[in-house]
Structures are given as C-alpha cells and as structure tokens.
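Okay, here's what each chain looks like letter by letter:
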Amino acid sequence: MKKIALLIVSFFALINSYAQENTFPANTKPASTNIAGAQYPRIDNERKAYFRIEAPAADSISVSLGNIALTKDEKGVWTGVTKPLDPGFHYYTLKINGVNVNDPYSETFYGMSRMASGIEVPEEGVDFYSIKNVPHGKIESHWYLANSTGETRLAYVYTPPGYDKNSTERYPVLYLQHGMGEDRRAWANQGLTNFILDNLIAEGKAKPMIIVMEDGGIAQAFNSPKRPQDKNFWDGFEDIMIKDLIPNIDANYRTKSDRLNRAIAGLSLGGTQTYQISQANLDKFSSIGIFSAPFGFPGVETGYNGLLKTPEEFAKQVKLFYVTMGSKEGARAGRSTHEELEKAGVKHVYYEAPGTAHEFQTWRKSLYGFAQLLFQD
C-alpha cells in the first residue's frame, strides 16, 4: 500500500509540475511565426513578447528585440518580456553566452544577409494580409536561363486565383523587388504578398495580376566591400531584368506584354533599383512604386531624362508614380521626394504608413495601396 501511495503522490507531483510548466502568462498566445507546436515566444494584448528558453548550461541569454536580458531560474529556464513592440514582422536573434544564434522555436527568414528568427506582432484591426476564406492564387518557383550572364536563375511568381482554370485569359505583371540583405523570398515570406493580393482580388479592390519576385543581386549587401550609396553597386540586375527576366516571363506565362500592363516596384534598396531601371526603360513600364527608398531619387532637374521638369509629358508616360514610407522613418525615405515632386507639379501618389518604421509592416501597407491603383482603366 505504501508503494501505491508513493506512486500516487509522485503522479500528482508530476501532474502539478506539468501544469506549472504549461501555465502561460495571461492574455498571451503563441506567435504565428513559431514552429509547429511551440508555445514560445508568446505575444500579449499590449504587443509585448514573452520568451522562455531551457538552457541550464548557459550563463547569459538576451533577445535582440530591445536587447532584453532573460533571467534564469533554479531549473535552468530563462524567461523575459520585451517592451511593447511595433506591430508587424521583426527579425531577431538570441545571444547566448555572447554568441548570436537563431531561436529554435521560431521559423527562420532570410534577412540582414543571413537566416534569422522572425516574430509576427498583430496589429489591431488590420487583417488585409491575413489568410482568409477566399480563392487563393499560388506562388511557384520559376527557374530560367539568363542568357546575358549564362547563369540559371530562380524567380518566384505569383499567379492569381483562377489562372490555371482559364487558359486564354492574360494578365498584367508587377515586378516586385526586395531590399538590401534580402532576396527573392522576402516578399513572399515576410511580405505575405500572395495573401494581400488574394484578399484584394476577392474584394474587387485590385485587378488580377501576375507578380514576379527575383533576386536583385543585393542579398549579400551587408557583406559587400562597397557601400549601398556607391555607384554601380546594384547595376547588374538591370540587364538581367530587361534582357532575360521580362522576355522569359512573357514567354512562359500568359502576360499582357505591353508597357501599359507592366509595373515595377521595390522596397528600400529595391526602390533605388526601381528608380534606376524605370528611368532607363520607360518603354517597358507605365507604373512605378518606390517604397522607403532613402537614396536613389534622381531629382527633378535630371530625373527620367528631364521629364520631371515637364510634368504633363511625364504624366502621359507614367500612369502611376507611387511613393511611400513609414512615419517613423527619416524624411529622406520618401517624404522629401514627395515634397520635391509636389513642388514641381509632378503627378504622383504619396502614402505614409502611420506608426511604422523601415520594416515590412510599412511595405505590406505600401503594396496594399499600390496594388489597388495598378492597371485600372
């Protein structure tokens, strides 16, 4: 009987211990960017992130989201809470005993020229990039040979809902570029491009379109001996886009291949590439989107082969010139460009995302607004 009693006591002690380990902070839920089944990190109603890491042998652990130092308990479990985070997607790393590592309970994303952990912080009342019960398009890998360089390259291509069902319908195309230290995966993974377009198309707010996401040659930018502002840092991608990518997409997808049905946009350094490529190739694009590009604007006096000095002529060639930034960014990220264009009388659309910085919440909102204006009659 004593053995049975001891077993019962041990059983209830185990249950109690298990219950304590699975008692979560009030009003929290696992981040949507966690790996399957991971309960941490968690997000509360105030947008604070909670971390819990079992590492008995560690001497120190901190989280790059505000450089929060975690605290170790007697069982070797480290815990801590960040300050309220801005809504949206954030890269982060753990620093364990002075070494930066990825969080094993988070999905990883390519950014900052390396794989990093990421955390999604919900924004109250914002769901335009959520997965909804609507018809879905798809993102597929498209391998092709770039004849100008002799290399085999990979593009990610979004095709809208219904693309495979109607074999005769053709679609306009948006070429969408990532930022420095990222690659073709950024808009699909961090940007949630497909869900933004699925929802807009389902609501009748955007025309069905194809979106092409390629590597702009700036993925290793942080490791480059040149600085981003150095001349010709990103020039090579222009030839690839014009001579290889666009012809290949037109040959392999049901595109509307005239300039009125082709647009180009990019975020940050991808926005700078967009300035460069669109200026030299206005015969290829009629709509241009610049999201948080702090450098690269050519200026009114010299920009677009002098067309910015003649706003009426510029408006005849460019249906949509869309400039955006987050309100927490410096004015050079977009506001100063907008002011210069406005002063010169150049027709354009300016959007400033409230309360966001140089991050994907700004660029998701930029794409959301840009897509609604594209390819409209």
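Scroll up to find the structure this text is about.
Conventions and cut-offs
- Residues numbered from 1 in each chain as written.
- Predicted model: local features only at pLDDT ≥ 70, side-chain atom pairs only at ≥ 80, totals over all residues.
- Heavy atoms only, no water.
- Pairing = 2+ DSSP bridges.
- Helix = DSSP H or I, 4+ residues; strand = E, 2+ residues; numbered from the N terminus.
- Axes fitted to C-alpha atoms, helices over the stretch in contact; angles between N-to-C directions.
- Contact = heavy atoms within 4.5 Å.
- Buried < 20%, exposed > 50% of the residue type's maximum accessible area, 1.4 Å probe, protein only.
- Polar contact = N/O pair within 3.5 Å; in protein donor to acceptor, adjacent residues only side chain to side chain.
- Arc of directions from axis to C-beta.

Peer 1: Hey, could you run me through the sheet that holds strand β8 (residues 88-92) in this one?
Peer 2: Through backbone hydrogen bonds, the strands of a sheet pair up, either in parallel or in antiparallel fashion. With antiparallel pairing, three strands are arranged side by side in an open sheet as β8-β12-β11. Looking along the sheet, the strands with just one partner apiece sit at the ends: β8 and β11 (108-111). Adjacent strand axes in the sheet meet at a mean angle of 50 degrees, parallel and antiparallel pairs treated alike. Contacting β8 and β12 (114-121), helix α8 (residues 360-373) crosses the sheet at an angle of about 145 degrees to β8.

Peer 1: When you look at the side chain of threonine 356 in this model, what are you seeing that I'm missing?
Peer 2: Looking at where threonine 356 falls in the secondary structure, it is placed in the loop between β20 (349-353) and α8. Accessibility expressed as a relative area gives 1% for threonine 356, which makes it buried. Separated by 3.5 Å, the side chain of threonine 356 and the backbone oxygen of alanine 353 make a polar contact. Non-local contacts of threonine 356, meaning those with residues more than four positions away in its chain, are made with Gly326, Ser327, Lys328, Glu329, Gln361, Thr362 and Lys365.

Peer 1: It is not clear to me how helix α7 (residues 335-344) should be interpreted in this structure. Could you clarify?
Peer 2: Along an α-helix, a turn takes 3.6 residues, which lines up residues three or four apart on a common side. Within α7 the residues assigned to the buried category are Thr337, His338 and Leu341. Down the axis, α7 shows its buried residues gathered within 100 degrees of arc, on one side only. Check the buried side of α7 and you find it contacts α5 (269-280), β19 (320-326) and β20. Backbone geometry just after α7 places glycine 345 at a positive phi near 80 degrees.

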